[in-house]
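# Structural characterization, general
So you can see what is in the structure, the chains are spelled out below.
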Amino acid sequence: MNKPIGRLFAAALLMFGALLVSTSWWTVVRADRLDHDTANHRGVLRALKIRRGLIRADDGTVIARSTRDAEGVYHRSYPTGALFGHPVGYSYAGIGQTELERERNDELTGRTNAITTTVDQLLGHKAEGDDVRTTLDPKAQRIALDEIAQAGRSGAAVALDPRTGAVKVMASTPTYDPNVIKDSKALAAANRDESRKPLVNRALQFGYAPGSTFKVVTSTAAIDTGRFTPQSQVDGKNGVKISGVPLANDFGRSFGTIDLKTALAQSVNTVFAQVGEQLGKATMKRYMERFGFDSKPQLDYPADSMSASVVAPDPPRHAVPPTSKYVDVGRMSIGQGGLEATPLQMAQVAAAVANGGRLMKPHLTDKVVDRDGRTVKTVGAQLQSTVMKPSTAAAVTDMMIAVVQSGTGTKAQIPGTQVAGKTGTAETEFGDKINNVWFIGFAPAENPRIAVAVTVAGVTGFGGDFAAPIARDIMEELLR
Amino acid sequence: MSARNRELFALIPAALLVSAGFAAVFLSRDDLLGGLSGTNRVSNVSLTYGAIFLGLCVAAHLVLRVTLRHADPYLFPLCALLASFGLVEIYRIDDGLARLQAQWFVIGLILFAGTIILLRDYRRLERYRYLIAIGGIALLLLPRAFPPVNGAYLSIRIGSLSVQPAEFAKIAMVIFLASYLRDTRQLLVTAGRRVVGVTIPPLKHFGPLLVIWGTSMLLLFYIRDIGSSVMFFGAFLAMIYVATDRLSFVVVGVGIFALGGYLVAGHIGHIADRVDAWRHPFDPKLLQRASGGSYQLAQGLWAQADGGVLGQGFGQAVLRISGNPECVSTVDCSLLPAPHTDFIYAVIVNELGLAGAAGLLGVYLLVVQRGFKIAMLARDSFSKLLATGLTSVFAIQVFVIVGGVTKLIPLTGVTLPFVSYGGSSVLANFVLLALLLLVSDRARRPDTGAGA
């Protein structure tokens, strides 16, 4: 009878082996997936007892802090209120986490370093969150929010340091106050507000027709391929047929044959539409992709809270590659034809030109600092792509200086500082009087330290009149 | 070193585990107090717990030293280790429960000593096999007279006590089968006709086996207790396999059990629910269902994922939904339902990680190994079958609950032997342990000894 007993033990070994395998499956193989399951509230519950780190602006201003109540549970509050609602988001036990609060959750709850946590546990220490210092500038952010709200119904502004990709301003109007959203009824009401959409971060989630600001992309492609120079002569008369349909210039003005530099300064649609047609869809696609179009931004922000900038013609009313048969390349080249770009994307266009053609990855986090003040992690400058040759960047900069000096963007001038920029005005479906206006630009032109994109929706007027002064004020503050 | 001295020394790790475990739980609770007073309290109380536990184990050891000099020296310390593991974890969940559990341990140890002293010649049990079998079935049917708990007739409440008769019935069933199969094993193998290579035993001998199968089905259908049903039938198959050395019995047995289970399960809602929950534990619809859903299983899996490789540490895991003032005891408002009984394995993995789980499973495997070793050393068929049956039922119980909690098999509620909270479970397992040690003592006794 001993042989079957031995075999029974072998069977028991197998069964216990299976138990060990299934335990390993959940604790190791699938652990990460289960930990991040949205129905799993374990992390949030544990995080309630951990002092979540501070979030600060670039000057040290506290944007988010946690305070402990009598029961030992921490509560989040936002001293700057609505100022940084969109870029920073919120973190509440009941309704979850969004935006930078979500993206940097591991750092803020001190889960970044597994080894120290285990050692700390053995020593009986409690986990503590690290502080996150952002690149955001409170004064410039305030200017952006206030001036957009004055100028129009809604809008957004993004300001970047073109050398590093640091996001100095990310403003979206209408705003919301994260301290109010804590109440789930207020959150539901904000979610239902279809006319104002206060929870939508327009800097990242809304694609606006970029209008003439996109001519910077077209100019870059034209010059960088060597097919054109700023002096190339193109026929700028009104009503040139583009894809078989006549295209109008602003005020129906005819320009005759003019060079590219003048055409950008005066924002001549027919010139750039023809340039785009001559370059072709494939070339346009290549340069658009280098600038970051057609894919999500590489920002340290939850991917599902960001939109890619795409071309979505009608038909087929959804995003298609720029080489699609539906795309009217001429109209796309002047920022129409279904092109939808986020303010961040257009700020990156300006930043790429400003930084000699080298586009840096945008980032909101400057560094992560632990409780003892030691820097745990620094987010430095990282190259996203090389968009153009330095010579092309210099040529396009020269053209953009002309826009501000003598063209449509004179209201962006800063006394004593050379500004380069481009205006944009896109008619909306609400009629030709209501426009989405734009300004993108950078300064100082000879040694750029700040690149900016401003868009205001629902304006009766032009980008040069409404968006350019806002961009100027933001840049002036940031250059101070 | 003599067997009994080895046993005595092997108890030290269990006592250390209790001290260290209580210290860890205290530390995690009193971290806010700090200071000297806090530290003193930790060391004093945890050492006291460790000392009391060691004292009780030493007392049981002395009984073994006097009565069963030759018994396996490792079995008792291994079970003490499991018990201390459970006690610390239960204390961490709810200190009131831990006090009750400690009382159950005292009663369990008395029952353990009583079993050993009264059943010195355990082979007397054979004489009462039918009485034991009927008693076992009666125990199983008893809960039917009481209202069901979670859709199953598992336990009966007497005052504040909840008793699960199935825990004792499993032992009765093993004793009966060991005795019965001892008599009929030869007949089962030789007396039958061979049909397509399978020996069909005469109906006369086959009958009682059908009764066992019927009992298992009855358990499933009438008591609605899949866990006990699987345990019973699994132990039965293990014993008949050892008795006959014929795999065909096992194959046919598994077949008819599966068939019966399939037919019966279709008619019992809560079994179909369990299978649904097992297949799709993270399905939002099943997760949110008030009863019969997968909430418990999903929470258990999340708890394990939360533990990872090394765990959150003793006393560190998230157990309670905080901020609810209505919660007095942790058990009432636990994030994970039944953390102290069925799901204690998930809590252990949560706190001690895969490493702790591997250690725990390792201890169980060592117990099983000792059990089968005793079966091999035993000199007569009844002893061999008894040890095999007891060990199998123990191993299957661990497999059923740990497999259920880790989603290896559909979840059925049985206790984790010696670790889970529960009086019946503690008492029954101490009886099981006593029987194994009795068999072991006889098996290892030198030939020159008297025997009986």
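Given the structure is predicted, the values throughout are model-derived calculations rather than measurements. All residue numbers here refer to positions counted from 1 along the written sequence of the relevant chain. The order in which chains are written sets their letters, starting at A; the order in which ligands are written sets their numbers, starting at 1. Since the coordinates come from a predicted model, pLDDT governs what is reported: local features require at least 70, and pairs of side-chain atoms require 80 or more to be given and counted, while whole-chain, interface and lining totals use all residues. The side-chain quantities take in all heavy atoms of the structure and omit both hydrogens and water.

Secondary structure follows DSSP: runs of H or I at least 4 residues long count as helices, runs of E at least 2 residues long count as strands, and numbering of each begins at the N terminus. Broken down by element type, chain A carries 19 helices and 21 strands. Among the 480 residues that make up chain A, the fraction classed as buried is 56%. Here, two residues are considered to be in contact whenever any of their heavy atoms come within 4.5 Å of each other. Taking the contacts inside chain A whose residues are at least 6 apart along the sequence as the reference set, 67% of them involve residues at least 24 apart. For chain A, the exposed surface amounts to about 19300 Å²; the carbon and sulfur share of it is 50%. Each residue gets one of three labels from its accessible area relative to the maximum for its type: buried under 20%, exposed over 50%, partly exposed in between, using a 1.4 Å probe on protein chains only. Only the protein chains shown count as cover for residues, and all accessible areas are computed by the Shrake-Rupley method using a 1.4 Å probe.

Another aspect to go through is the overall build of chain B. A tally of helices and strands in chain B yields 15 helices and four strands. A sequence separation of at least 24 residues applies to 73% of the contacts in chain B between residues at least 6 apart. Of the accessible surface of chain B, which amounts to about 18100 Å², a share of 66% is contributed by carbon and sulfur atoms.

Residues and elements named next belong to chain B. The axes are straight lines fitted to the C-alpha atoms, using for helices just the contacting stretch, and the angles between their N-to-C directions are given from 0 to 180°. Relative to each other, helix H12 (residues 295-307) and helix H13 (residues 344-377) sit at 20 degrees, their axes nearing to 6 Å. Overall, the two elements H12 and H13 adopt an arrangement that is roughly parallel. Two packed elements cross with a definite hand, and for H12 against H13 that hand is left-handed. Together, Gly-300, Ala-303, Gln-304, Asp-306 and Gly-307 of H12 and Tyr-345, Ala-346, Val-349, Asn-350 and Gly-353 of H13 make up the contact between the two elements. Any angle that is under 35 degrees is reported as roughly parallel, and any over 145 degrees as roughly antiparallel; angles of 65 to 115 degrees are reported as roughly perpendicular and all others as oblique. Each helix crossing is assigned a hand: it is left-handed if the near helix lies turned anticlockwise from the far helix by less than a right angle, otherwise right-handed if that turn is clockwise.

Let us look at the nonpolar core. Counting 133 residues, the largest nonpolar core has Phe-76, Phe-112 and Leu-416 of chain B as the members making the most contacts within it. The greatest single-element share of this core, amounting to 18 residues, is contributed by H13 of chain B. Among residues more than four places away in sequence, those in contact with Leu-416 of chain B are Ile-344, Tyr-345, Leu-360, Tyr-364, Val-398, Ile-401 and Val-402 of chain B. Ranked by size, the runner-up nonpolar core spans 122 residues in total, among them Tyr-92, Ala-144, Val-216 and Ala-263 of chain A. Here the nonpolar core consists of buried residues drawn from Ala, Val, Leu, Ile, Met, Phe, Trp, Tyr and Cys, with membership extended through side-chain atoms lying within 4.5 Å.

Note on aromatic pairs: the rings of Phe, Tyr and Trp (six-membered ring only in Trp) are paired at centre separations within 6.5 Å, and the planes decide the class, stacked below 30 degrees, edge-to-face beyond 60, tilted for the rest. The final tally for this structure, using the stated rule, is 19 aromatic pairs over all chains. Each ring, one from Phe-394 of chain B and one from Phe-418 of chain B, has its centre 6.4 Å from the other, and the planes form 55 degrees; the classification is tilted. With Phe-394 of chain B in helix H14 (residues 381-405) and Phe-418 of chain B in the loop between H14 and helix H15 (423-444), the pair connects residues that are 24 residues apart, well separated along the chain. The exposure class of Phe-418 of chain B is buried, given its relative accessible area of 2%. We call a charge positioned above a ring when the Lys NZ or Arg CZ atom is no farther than 6 Å from the ring centre and deviates by at most 35 degrees from the ring normal. Taking NZ or CZ as reference, Arg-202 of chain A lies 5.1 Å from the ring centre of Phe-206 of chain A, over its face. Over the aromatic face of Tyr-287 of chain A sits the side chain of Arg-290 of chain A, whose NZ or CZ is 4.6 Å from the ring centroid.

The patches described consist of residues with a relative accessible area above 30% and no salt bridge, like charges being joined within 9 Å and nonpolar side chains (Val, Leu, Ile, Met, Phe, Trp, Tyr) within 5 Å. One side-chain nitrogen of Lys or Arg within 4 Å of one carboxyl oxygen of Asp or Glu is enough to make a salt bridge. A surface patch of nonpolar side chains, amounting to about 460 Å² of accessible area, comprises Trp-25, Val-28 and Val-29 of chain A together with Val-309 and Leu-310 of chain B. Within the fold, Trp-25 of chain A resides in helix H1 (residues 2-29). Exposure remark for Trp-25 of chain A: the relative accessible area of 37% places this residue in the partly exposed category.

Time to look at the confidence of the model for chain B. Residues and elements named next belong to chain B. Summarising the model, chain B shows a mean pLDDT of 80, and 79% of its residues fall at 70 or more. Across residues 31-40 the pLDDT falls below 50, and counting only partners more than four positions away or on other chains, this stretch makes two contacts in the model. With a pTM of 0.63, the predicted complex shows an ipTM of 0.88. You can read pLDDT as the predictor saying how much it trusts each residue, on a scale of 0 to 100.

For the rest of this paragraph, the subject is the pattern of salt bridges. Residues and elements named next belong to chain B. According to the stated counting rule, one finds 34 salt bridges over all chains in the structure shown. We note a salt bridge from Arg-442 to Asp-121, for which the minimum N-O separation is 3.2 Å. Note that Arg-442 is positioned in helix H15 and Asp-121 in the loop between helix H4 (95-118) and helix H5 (129-141), a separation of 321 residues in sequence. Residue Arg-442 is classed as buried on the basis of its relative accessible area, which comes to 12%. We classify Asp-121 as partly exposed; its relative accessible area is 26%.

This brings us to unusual backbone geometry. Residue and element names in this part refer to chain A. Cis peptide bonds are those with omega within 30 degrees of zero, and the linkage from Asp-314 to Pro-315 qualifies with -5 degrees. Along the polypeptide, Pro-315 turns up in the loop between strand E13 (310-311) and helix H16 (329-332). In the segment running from Ala-443 into Pro-444, the intervening peptide bond is cis, with an omega of -15 degrees. Looking at the secondary structure, you find Pro-444 in the loop between strand E20 (431-443) and strand E21 (450-459).

Looking now at the environment of Tyr-180 of chain B. Along the chain, Tyr-180 of chain B turns up in helix H6 (residues 165-190). Sequence separation between Tyr-180 of chain B and Phe-382 of chain B is 202 residues, and the spatial gap between their C-alpha atoms is 8.7 Å.

Turning our attention to the confidence of the model for chain A. Of the residues in chain A, 94% reach a pLDDT of 70 or more, and the chain-wide mean stands at 89. Averaged over each element, pLDDT in chain A is lowest for helix H7 (residues 114-122) of chain A (52) and highest for helix H17 (residues 343-354) of chain A (97).

Before going further, it helps to examine the side chain of Gln-299 of chain B. Following the sequence through the fold, Gln-299 of chain B ends up in helix H12. Residue classification places Gln-299 of chain B among the buried positions, given a relative accessible area of 5%. Those residues in contact with Gln-299 of chain B that lie beyond four places of it in its chain are Arg-42 of chain A together with Leu-335 and Leu-336 of chain B.

Each side of the interface is counted separately: chain A has 38 residues, and chain B has 54 residues. Of the roughly 4100 Å² buried at the junction of chain A and chain B (both faces included), carbon and sulfur atoms supply 72%. The three residues of chain A that bury the most area against chain B are Met-1, Phe-16 and Arg-42 of chain A, which together make up 19% of that side's buried surface. At the boundary of chain A with chain B, the tally comes to one salt bridge. Between Arg-7 of chain A and Asp-245 of chain B there is a salt bridge, and its shortest N-O distance comes to 3.3 Å. Here a polar contact is taken to be a pair of N or O atoms separated by no more than 3.5 Å, where protein atoms must pair a possible hydrogen donor with a possible acceptor and residues adjacent in sequence count only if both atoms sit in side chains. Applying the counting criterion to the chain A and chain B interface returns seven residue pairs in polar contact (both at pLDDT 80 or more). For the side of chain A that touches chain B, the secondary-structure elements that each account for two or more residues are H1, helix H2 (31-35), helix H3 (42-47) and H7 of chain A. Top contributing element to the side of chain A that touches chain B by residue count: H1 of chain A, with 20 residues. Buried area, as used here, totals the accessible surface that two parts lose on assembly, with accessibility defined by a 1.4 Å probe and the loss added over both.

Let us now look at the sheet that holds strand E2 (residues 62-68) of chain A. All names here are of chain A. Strands were regarded as paired on the criterion that DSSP finds at least two bridges between them. Spatially, E3-E2-E1-E6-E16-E17 is the arrangement adopted by the six strands of the open sheet, whose pairing is mixed. Unpaired on one side and paired on the other, strand E3 (74-77) and strand E17 (375-378) mark the two borders of the sheet. Strand direction decides the pairing type here: strand E1 (residues 55-56) and strand E6 (residues 131-134), joined by two bridges, are parallel. Each residue of the ladder has a partner; that of Arg-56, found in E6, is Arg-133.

It is worth spelling out H1 of chain A at this point. Any helix carries an expected span of 1.5 Å times its number of residues minus one. Between its first and last C-alpha, H1 of chain A extends 39 Å over 28 residues, near the 40 Å set by a 1.5 Å rise per residue. Taken residue by residue, H1 of chain A has Pro-4, Ile-5, Leu-8, Ala-12, Phe-16, Leu-19, Ser-22, Thr-23, Trp-26 and Thr-27 of chain A as its buried positions. Tucked inside the fold, the buried residues of H1 of chain A contact H2 of chain A together with helix H8 (226-244), H12, H13 and H14 of chain B.

Where H1 of chain A contacts H8 of chain B, the two axes come as close as 7 Å, and the packing angle between them is 145 degrees. Read as a crossing pair, H1 of chain A and H8 of chain B show a hand that is right-handed. Across from Pro-4, Ile-5, Arg-7 and Leu-8 of chain A in H1 of chain A, the residues of H8 of chain B making contact are Ala-238, Tyr-241 and Val-242 of chain B. For this scheme, ten residues count as nonpolar: Ala, Val, Leu, Ile, Met, Phe, Trp, Tyr, Cys and Pro. Four count as charged, namely Asp, Glu, Lys and Arg, and the remainder, Gly too, count as polar. In the contact of H1 of chain A with H8 of chain B, the residues fall into six nonpolar, no polar and one charged.

Time to look at H14 of chain B. Think of an α-helix as 3.6 residues a turn; residues three or four steps apart then line up on the same face. Over its 25 residues, H14 of chain B extends 36 Å from the first C-alpha to the last, a length consistent with the 36 Å expected when each residue adds 1.5 Å. Looking one or two residues beyond H14 of chain B, the residue adopting positive phi is Lys-407 of chain B, at roughly 65 degrees.

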